[in-house]
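The lines below spell out each chain.
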Amino acid sequence: MTDLLKRLEREPCDSRHSLEEVLANVRFNGDGLLPAIAQQHDSGEVLMMAWMNREALEETLRTGRVCYYSRSRARLWRKGESSGQQQHLKSASLDCDGDTLLLQVEQTGPACHTGRRSCFYLSLEADSARINSAALIDPDELYTKGS
């Protein structure tokens, strides 16, 4: 943990600090990435987890449209650029260790590339794995809408 994050532990509610200083103390992994959990702001439903680099995080904070870093494409990925299913930022919070981000978002349609509302649709149980939600949109149709 950085000295700044340690210092912030004792700060009172509603104290304000330099965004630049906080971002300089974010603990990105060895690839320069930070896990970001997207949660529907009004229901609390966890929608997905993706990665952000500093550029994606700064763009998200600046524009209010959630931007991630796609490891498979090795570039920024603006949620919904190919599907039309965007995420609009309501708030962003860094965890106490500075190594995970929680995004409160307004999700339009499904968040998952499978056409489901959430990427967390596979429940692991004692003796089986169970699909816990139906697709809202056929994935083939989902990716023809955003083009």
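Scroll up a little and you will see the structure.
Conventions we followed
- Residues numbered from 1 in each chain as written.
- Predicted model: local features only at pLDDT ≥ 70, side-chain atom pairs only at ≥ 80, totals over all residues.
- Heavy atoms only, no water.
- Phe/Tyr/Trp six-rings, centres within 6.5 Å; stacked < 30°, edge-to-face > 60°.
- Buried < 20%, exposed > 50% of the residue type's maximum accessible area, 1.4 Å probe, protein only.
- Lys NZ or Arg CZ within 6 Å of the ring centre and 35° of its normal.
- Helix = DSSP H or I, 4+ residues; strand = E, 2+ residues; numbered from the N terminus.
- Polar contact = N/O pair within 3.5 Å; in protein donor to acceptor, adjacent residues only side chain to side chain.
- Contact = heavy atoms within 4.5 Å.
- Salt bridge = Lys/Arg side-chain N within 4 Å of Asp/Glu carboxyl O.
- Patch = residues over 30% accessible without salt bridge, like charges linked within 9 Å, V, L, I, M, F, W, Y side chains within 5 Å.
- Areas by Shrake-Rupley, 256 points an atom, 1.4 Å probe, with all protein chains shown as cover.
- Core = buried A, V, L, I, M, F, W, Y, C linked by side-chain atoms within 4.5 Å.
- Pairing = 2+ DSSP bridges.
- Axes fitted to C-alpha atoms, helices over the stretch in contact; angles between N-to-C directions.

Caption draft 1: View of the packing of aromatic side chains. By the definition in use, this model includes one aromatic pair. Taking the centre distance of 5.2 Å and the plane angle of 35 degrees together, the rings of Tyr68 and Trp77 count as tilted. Accessibility expressed as a relative area gives 16% for Trp77, which makes it buried. Above the ring of Tyr121, the side-chain terminus of Arg116 is found at 4.0 Å from the ring centroid.

Caption draft 2: A look at the side chain of Glu59. Assignment of secondary structure puts Glu59 in helix α3 (residues 54-63). Classification of Glu59 as buried rests on a relative accessible area of 12%. Within the local environment of Glu59, its side chain forms a polar contact with the side chain of Arg78, the two groups lying 2.8 Å apart. In this structure Glu59 touches Gly64, Cys67, Leu76 and Arg78, once residues within four positions along its chain are discounted.

Caption draft 3: How the structure looks around the side chain of Gln40. Position of Gln40 among the secondary structure elements: in strand β1 (residues 34-40). Assessed through its relative accessible area of 3%, Gln40 is described here as buried. Within polar-contact distance, the side chain of Gln40 engages the side chain of Glu106 at 3.5 Å.

Caption draft 4: Looking closely at the pattern of salt bridges. In this structure the tally under the stated criterion is nine salt bridges. For Glu58, the salt bridge goes to Arg54, with nearest N and O atoms at 2.8 Å. With Glu58 and Arg54 both in helix α3 and four residues apart, the pair spans about one turn of that helix. In this structure Glu58 comes out as partly exposed when scored by relative accessible area, which is 30%.

Caption draft 5: Structural view of a nonpolar patch on the surface. Residues Val46, Met49 and Phe120 make up a contiguous nonpolar surface patch of about 260 Å² in total accessible area. With respect to the helices and strands, the residue Phe120 is situated in the loop between β6 (101-107) and β7 (122-124). Judged by its relative accessible area of 47%, Phe120 falls in the partly exposed class.

Caption draft 6: Geometry of the nonpolar core. Within the largest apolar cluster, 24 residues are counted, with the highest numbers of intra-cluster contacts made by Met48, Met52, Val66, Tyr68, Leu101 and Leu103. Breaking this core down by element, the ones donating at least two residues are β1, β2 (46-52), α3, β3 (67-70), β4 (75-78) and β6.

Caption draft 7: Broad picture of the environment of Thr114. For Thr114, the location among the structural elements is in the loop between β6 and β7. Once the C-alpha coordinates of Thr114 and Leu47 are considered, the two residues, 67 residues apart in sequence, prove to be 12 Å apart. Aside from chain neighbours lying at most four places away, what touches Thr114 is Tyr121, Ala135, Ile137 and Pro139. For Thr114, the side chain forms a polar contact with the side chain of Arg116, separated by 3.3 Å.

Caption draft 8: Quick peek at the sheet that holds β2. Strand order in this open sheet of four strands is β2-β1-β6-β5, and the pairing throughout is mixed. Since the sheet does not close on itself, it has two edges, and those belong to β2 and β5 (87-94), each with one partner. Each neighbouring strand pair of the sheet contributes to a mean axis angle of 25 degrees, computed without reference to strand direction. As defined by bridge partners, β1 adjoins β2 across six bridges and the pair is classed as antiparallel. From the neighbouring strand, Ala38 faces β2, where its bridge partner is Met48. Strands in contact with α3 are β1, β2, β5 and β6; relative to β2, the strand with the most contacts, it is inclined by about 125 degrees.

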